[in-house]
Amino acid sequence: MEKKEIINKFKLSENDTGSVQVQVALLTARINHLQEHLKVNPKDNHSRRGLLQMVGKRKGFLLYLKERDIEAYRNLIKELSIREVK
């Protein structure tokens, strides 16, 4: 249910499920969920590795979007409340 809501909020067209904005929003939701999991289970190193991989993937998407469309990038990081990538 939550995934559909995120897709509907960030989609660019009617059938859009894979644009950069949607992918970043979905990754951010998964990252936030894993961060909460790791607060309860600090020794879960397998999940921590998965979290770091997702953060790296999101960073790549954000760098791509920053190069292609700076305004969409700024709106996205503002809406998701995430830091700028360098």
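Structure's up top.
Below is a summary of the structure that appears in this document. (Residues numbered from 1 in each chain as written. Predicted model: local features only at pLDDT ≥ 70, side-chain atom pairs only at ≥ 80, totals over all residues. Heavy atoms only, no water.)

### Considering helix H2 (residues 20–40)
Piece 1. For H2, spanning 21 residues, the distance from its first C-alpha to its last is 31 Å, which sits close to the expected 30 Å at 1.5 Å a residue.
Piece 2. Among all positions of H2, only Val20, Gln21, Val22, Val24, Ala25, Leu26, Leu27, Thr28, Ala29, Ile31, Leu34 and Leu38 are buried. (Helix = DSSP H or I, 4+ residues; strand = E, 2+ residues; numbered from the N terminus. Expected span 1.5 Å × (residues − 1). Buried < 20%, exposed > 50% of the residue type's maximum accessible area, 1.4 Å probe, protein only.)

### A closer look at the pattern of salt bridges
Piece 1. Applying the stated criterion across every chain yields a total of 4 salt bridges.
Piece 2. Salt-bridge contacts for Lys9 lead to Glu79; the nearest nitrogen and oxygen are separated by 3.7 Å. With Lys9 in helix H1 (residues 2–10) and Glu79 in helix H4 (residues 70–80), this residue pair connects regions lying 70 residues apart in the sequence.
Piece 3. Looking at Lys9, the relative accessible area reads 54%, which means it is exposed.
Piece 4. The shortest N-O distance in the salt bridge between Lys11 and Glu14 comes to 3.9 Å.
Piece 5. According to the relative accessible area criterion, Lys11 is partly exposed, its value standing at 27%. (Salt bridge = Lys/Arg side-chain N within 4 Å of Asp/Glu carboxyl O.)

### Focus: H4
Piece 1. Looking at H4, one finds that the buried residues are Ala72, Tyr73, Leu76, Ile77 and Leu80. Seen along its axis, H4 keeps its buried residues to an arc of 125°; they face one direction.
Piece 2. On the buried face of H4, the contacting elements are H1, H2 and helix H3 (45–68).
Piece 3. Taken from the residues just after H4, Ser81 is the one with a positive phi, measuring 60°. (Arc of directions from axis to C-beta. Contact = heavy atoms within 4.5 Å.)

### Some points on the nonpolar core
Piece 1. Phe10, Leu62, Leu76 and Leu80 are the most contacted members of the largest nonpolar core, which has 18 residues in total.
Piece 2. At the level of elements, H1, H2, H3 and H4 are the ones that each hand at least two residues to this core.
Piece 3. If you tally residues by element for this core, the top one is H2, at 6 residues.
Piece 4. Contacts of Leu76, omitting those with residues within four sequence positions, involve Phe10, Gln21, Val24, Leu62 and Leu65.
Piece 5. Residues Leu27, Leu34, Leu38 and Leu51 belong to the second largest nonpolar core, which totals 6 residues. (Core = buried A, V, L, I, M, F, W, Y, C linked by side-chain atoms within 4.5 Å.)

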